[in-house]
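Report on the structure
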Amino acid sequence: MAMASTSPQGSTQQLTELLAAVAELPDPSTVIRRAVEHVAEALDSEIAALVADGQVVHSLGFPAGAWPVAALGEAAGGGHTVLEVEGVGPCAVGTADCEAISGARLVVGRGSADPFTQEERALLRGMAQVLSLALQARRLLDEERTSRAASDAHAADNAQLLASLQERQTLLERLSRIQRSINSRKPLNDVLDAIVVGAAELLGEDIAGLRLLDPQDPAYMCMTAWLGVPDHLAAATARQPVGQGIGGRAIVENSLVHTSSYYSVDQPLPGFAADGIQSAMAAPVRQGTHAVGSLVVATRRPNRIYSASEQEALTAFAEHVSLALNDAQSVEALHRAVAEATHQSRHDSLTGLPNRVLLLERLGAAGDRSRQNDAAPFTLLFIDVDNFKVVNDSLGHLVGDCLLTAVAKRVAGSLRTEDTVARLGGDEFAVLVEQASAAEGLRAAERVLRALRAPFHVAGQTVHVGASIGVVTSCGAPAQAEELLRDADVAMYRAKAEGKSRYVVFEPAMRDRLQARSQLETELRRAVRDEQFTVHYQPVVDAAAGTVVSTEALVRWEHPGRGLVPPAEFVPLAEDTGLIVAIGAQVLRAACHQTAAWRGSPGLADLSVSVNLSPRQLQEPGLLADVRDALLSSGLPAGALILEITENLLVRDVDAAKSRLDELKALGVRLAVDDFGTGYSSLSYLSRLPVDILKVDKAFVADIADGSPAGKLAGAVIALAASLELATVAEGVETAEQVQALLAHGCTHLQGFLFSRAVPPAVLPGTAAALHDRLEMAASALAGVPSARTPDVRLAVPSRRSSRVLPGTFVS
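Residues numbered from 1 in each chain as written. Predicted model: local features only at pLDDT ≥ 70, side-chain atom pairs only at ≥ 80, totals over all residues. Heavy atoms only, no water.

1. Observations concerning the side chain of D542
Which entries qualify depends on this criterion: The helix count covers DSSP runs of H or I at least four residues long, the strand count covers runs of E at least two residues long, and both are numbered beginning at the N terminus. Three labels apply to residues, based on accessible area from a 1.4 Å probe with only protein chains included: buried if under 20% of the type maximum, exposed if over 50%, partly exposed otherwise in between. The charge count includes Lys and Arg as positive and Asp and Glu as negative, but it does not include His or the ends of the chains. What counts as a salt bridge is simple: a side-chain nitrogen of Lys or Arg found within 4 Å of a carboxyl oxygen of Asp or Glu. Counting of polar contacts relies on pairs of N or O atoms within 3.5 Å, with two restrictions inside protein: one atom must be capable of donating a hydrogen and the other of accepting it, and residues adjacent in sequence are counted only when both atoms are side-chain atoms. Working rule for contacts: check all heavy atoms of both residues, and any pair within 4.5 Å makes them a contact.
As for its placement among the helices and strands, D542 is situated in strand 19 (residues 533–542). Comment: no salt bridge for buried D542; closest opposite-charge side chain is R670, at 11 Å. Only 3.1 Å separates the side chain of D542 from the backbone nitrogen of A544, close enough to count as a polar contact. With sequence-adjacent residues up to four places away left out, D542 is seen in contact with T547, V549, T748 and H749.

2. Describing the sheet that holds strand 6 (residues 207–213)
For sheets, the rule is that strands pair by backbone hydrogen bonds, running either parallel or antiparallel. Applicable threshold: Note: two strands are recorded as paired if DSSP finds a minimum of 2 bridges between them. In this description, a line fitted to the C-alpha atoms serves as the axis of each element, helices being fitted only across the stretch in contact, and the angle between N-to-C directions of two axes falls anywhere from 0 to 180 degrees.
A sheet is described by the order of its strands in space; here six strands give the open sequence 8-7-6-11-10-9, paired in antiparallel fashion. In this open sheet, the two edge strands, each paired with only one partner strand, are strand 8 (239–241) and strand 9 (257–259). Within the sheet, the average angular offset between the axes of one strand and its neighbour, ignoring direction, is 25 degrees. The sheet contacts of helix 6 (residues 188–203) involve strand 6, strand 7 (220–227), strand 10 (279–287) and strand 11 (290–299), and relative to strand 7 the element is tilted by about 65 degrees. Where helix 8 (residues 245–253) meets the sheet, it contacts strand 6, strand 7, strand 9, strand 10 and strand 11, and its direction lies at approximately 40 degrees from that of strand 10.

3. Some points on the confidence of the model for the chain
Worth spelling out the cut-off: Every residue carries a pLDDT, the predictor's confidence in it, which falls somewhere between 0 and 100.
Mean pLDDT for the chain: 82, with 82% of residues reaching 70 or above. Put simply, helix 5 (residues 155–183) is where the chain has its lowest mean pLDDT, 57, and strand 22 (residues 608–612) is where it has its highest, 96. Here residues 784–812 scores under 50 on pLDDT; set against residues more than four positions off or in separate chains, the count is 64 contacts.

4. Some points on the environment of D706
Inspection of the secondary structure assignment puts D706 in the loop between helix 23 (698–701) and helix 24 (709–723). D706 gets classed as exposed once you look at its relative accessible area, which sits at 51%. Along the chain, D706 and Q738 lie 32 residues apart, while their C-alpha atoms are 9.0 Å from each other.

5. Some points on empty space enclosed by the protein
Where we set the bar: Here a cavity means grid points, on a 1 Å grid over the protein atoms only, where a 1.4 Å probe fits yet cannot get out; a pocket means an open set of points with protein on both sides within 12 Å along at least five of seven lines; lining residues are those with an atom within 4 Å of a point. Grid points are joined across faces, edges and corners, and a volume is the space filled by probe spheres set on the points.
Under the definition given, this model contains six cavities of 30 Å³ or more. The space that makes up the largest cavity amounts to roughly 180 Å³. Along its surface, the largest cavity is lined by 20 residues, and I207, R211, L269, F272 and V296 are the ones closest to its centre. It is strand 6 that contributes the most residues to the lining of the largest cavity, five residues altogether.

Written as structure tokens, this is what we have:
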């Protein structure tokens, strides 16, 4: 069953439809049947019935002959709020009086334990009133038809019946017009005026008024609409305490009140008795079950007695005041809700700034003005907060949110009030600087940079961030808002790539690079899916023993169309997109399996392998499982696997790094610090972390033989490692002089082009054997022992053509 519309607009529509449905029906039973069906449908009810004096007049929704007469009777009398119905289950019950039949009530129920809402109960009462009016009109019509066959002696009675019938029909017509006024959204004051006028005219009274409780002080009631009240009385009684006059009593007693001797009423309204008011009647205006006002009619005619039908008529008009008020309040609430939803949909919930939607609207409008007026340029700034992720991850999201709010205030405070500052999401903001030349736009970017350089004090923490800003200026250009935002975004990424804490002005060539990057990302994702990566291995030699003791696994991308893609092209992108995690897992698995296979070859029985871990991998929850699975599936001893972590990664968060490294160390693997000496080297973190090996960066190794400061640093690093009982590996060894200097400092494990480049798996065993022979001859020569194999004991230096080395990656 479709859900019923229980809004006030839907309620008045339902009442109008019910009135139209029953007005012309031929007999009372048909009126009742149609009304019960309409009520059930309007209130989304499985059952409905009209019950009078414990008897079911008509029902809907029960199995044939299985009416629960007693239960319905109790429900009608208020004894049940939930009714158990066969085939339906428990039903919430709602009831309303049907005054046209003595002791009759409408009963509805639906298959839910949730009670009917206030609006639904108001609709049920309104429908019961419409049914009562229709039945009374039908009864009067039947009586009139019957009376026509009687003798002429009853002519006076016939005239009275006819007058009553016409009066009833007039009431129905007026109520129908009022319902249509509410339904068509006429102004509330117009609807209330029409109700007051309608009540006065139908009841033939010269005075009528509507009083409602003061929303600011419900102890008082205010005159809201009136007819026939002299101006001086209207002014004098515009706001009176609740309880005064007939209208005040109706509010207090929450029931219809009438009198034929107004002068004897307790607490009459000031001046009304003196004005000659004789009789008055008031019906309460309700919201839910509470009286919030009253509708009053009065007359100066003496001996005016209000009949039951007149009392019912005034009650019907008062009920329509309730519907009109509910409708007005719902419309106002709807407007507030729509306004709030509109504001929320166009503003950021954290900072209160305009969001992307509103920014794009204003950006589009600025573009339109710029195209119409060449003198109306504007500048768009795309701002990304530098190092926000570090703050958010290390200090928590609460501090991160406080920081974003503070950033928003600083950015807004550095700009003009007419500029638009928007939060796009995350740590990204945008600024629309209108009516500003390109130079003025750049000055705005500089002000933002200065504003964000000072430290922030948020949630008891002091944090330092900056901003990378992309700038795009438009003056009459046909670019769309989304395109301008995209171009500013591209320039912002260029600012980050150039070192952060700066702005970069967009150039079209940047867009081309972005498109190329997007294409590369698509291909890289396909490469991960299809496992297009292979691993090359660079030997690590023990120069003193003359053997290859280890290798470093370095990834290569065998692109199906472009051939071997240099790691420098795809590894940074893999880091940014997170694909490095999947690539790293593939390299780890391949390196373990290949090394386990090599350890069965002559001369490689004790071979180990080093695999680099990227920052993203180290943070990945699944890293431990990846390492464990690679060792188990390959059969490689855990001690033969060395995991390399760059120094910069370790010092970002020593405590977090220690926790993860302890977990890895528990698997039995060895840990190496790569590129040692290039970061913030600290004895404190070295003594705390469970590392086994320091790899001396090639920048220090290059000068170790000439006595320069860098060379002396290399010696110091080797000495430091020895004091901490750590092994050392020298990277980037390219000359025999470097070998001699490293050996003199006690570093025997060497890696570099002097020995071998990174080679495919099939080449490594032959390379290792050749190196063994050359190292043996070199060791003999250095010891002064003649070599029988060759008089030339120099280690040949291969070509220096190589890919650029990126710290923390799998390249060499």
